[in-house]
Amino acid sequence: MTLASWNVNSLNVRLQHVRNWLESNPVDVLGIQELKLIDEKFPTAAFAEAGYQTAAFGQPTYNGVAIAHRHEAQDIERNIPGYPDSQSRVISATLNMASTQIRLVNAYFVNGQEPGSEKFAYKLEWLAHLERYVAEQLAQHQHVVLMGDFNITASDQDSWDPNGLKETIHHTTIERQALLRLLALGMLDSFRAFEQAEKSFSWWDYRMLGFQKNRGLRIDYVLISESLRPALTRSWIDRAPRKWPKPSDHAPVLVELDMARLDSST
DNA sequence: ATGTCCAGTATCACTGGA
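- Within an unreviewed UniProt entry, the label attached to chain A reads Exodeoxyribonuclease III, and the organism entered is Lampropedia puyangensis.
- The record in UniProt for chain A states the following under Sequence similarities (unreviewed entry): "Belongs to the DNA repair enzymes AP/ExoA family."

### Concerning the sheet that holds strand β1 (residues 2-7)
Two orientations exist for strands paired in a sheet by backbone hydrogen bonds: parallel and antiparallel.
Working step 1: Here we have six strands laid out as an open sheet, ordered β3-β4-β2-β1-β14-β13, and mixed in their pairing. Of all strands in the sheet, those bounded by a partner on one side alone are β3 (53-57) and β13 (232-237). Across the sheet, the axes of successive neighbouring strands diverge by a mean angle of 10°, strand direction being ignored.
Working step 2: On top of the sheet, helix α1 (residues 11-24) reaches β1, β2 (29-33) and β14 (253-257); it is set at about 160° to β1, its chief contact.

### Considerations on the protein's contact with DNA strand B
Working step 1: As a structural note, the neighbourhood of DNA strand B is formed by 25 residues, with Ser10, Glu34, Tyr108, His170 and Arg207 the closest of them.
Working step 2: At the protein interface, 68% of the atoms of DNA strand B within 4 Å belong to sugar or phosphate.
Working step 3: Lys119 is positioned with one of its side-chain polar atoms (N or O) 3.2 Å from a phosphate oxygen of DNA strand B.
Working step 4: Within the side chain of His250, a nitrogen or oxygen atom sits 3.4 Å from a phosphate oxygen of DNA strand B.
Working step 5: Among the elements that line the surface near DNA strand B, the one with the most residues is α1, at three residues.

### Here we look at helix α3 (residues 118-140)
Working step 1: Helix length check: α3 (23 residues) gives 33 Å between terminal C-alpha atoms against 33 Å at 1.5 Å per residue, within 8%.
Working step 2: Of the residues making up α3, those classed as buried are Phe120, Tyr122, Lys123, Trp126, Leu127, Leu130, Glu131, Tyr133, Val134 and Gln137.
Working step 3: Buried positions along α3 lie against β5 (72-78), β6 (90-96), β7 (101-108), β8 (144-149), α4 (173-184) and β9 (187-189).

Conventions and cut-offs
Residues numbered from 1 in each chain as written. Chains lettered and ligands numbered in written order. Predicted model: local features only at pLDDT ≥ 70, side-chain atom pairs only at ≥ 80, totals over all residues. Heavy atoms only, no water. UniProt positions renumbered as here; feature names shortened; annotations may be inferred. Pairing = 2+ DSSP bridges. Helix = DSSP H or I, 4+ residues; strand = E, 2+ residues; numbered from the N terminus. Axes fitted to C-alpha atoms, helices over the stretch in contact; angles between N-to-C directions. Contact = heavy atoms within 4.5 Å. Near = heavy atom within 4 Å. Polar contact = N/O pair within 3.5 Å; in protein donor to acceptor, adjacent residues only side chain to side chain. Expected span 1.5 Å × (residues − 1). Buried < 20%, exposed > 50% of the residue type's maximum accessible area, 1.4 Å probe, protein only.

Next comes the structure, spelled out in structure tokens:
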């Protein structure tokens, strides 16, 4: 099965891109971030026509996340229990496969704007609650996937200019430590499980010819629980939609799992 | 530090993104 994560930067504007992309990339699951629309405006019918059920968690103007899935899903959860948040950033679902289940957490991490700002404090607080939430998911579910727009570069190799941007937003030590703590819970950065080209990024600034010059960041991830490592066969970033007219500034990140490789006897 | 590019609001200038 194939899972993908994509920050579409307004589903209103990008719906046709998503439909076109799903047509040539008929993934089993797509986690979407930055819907920028309310639930009443979520294009349920368009996804149904494409063969996907959906669970959405929107809000006016900003944020918003959704899961489009071909398999049956249950136990939909919105945001982080125990952490009241007016911003719609997390949606989770349990996906039923033939013989097993995957708990999927799709998240739009806080941007944080600038270290030291109020928004940065919110980012760190949100990250702490997410860590607790993922730990709970791992305790309750055999297989867990955490995907989304993390708004953090995991290391210098995930930035086009790690020296010039040292300790700026997405590059600070404290953000990276938060991401490392997520991994330390027993999650794997699926992209780095394979050899990848240097300067592989998932986001490029609209300005200053960012994409043409490949001045980007890798800030979109699909983390899988260690339990799924035997099933991991491929992980990649699809840069193609970033070349389309009026693109999202993010590219989809994909993971391929061969669930048949999991030893169900253990 | 600043400019620059994009989306949304009910605009004609602002916030927020990253």
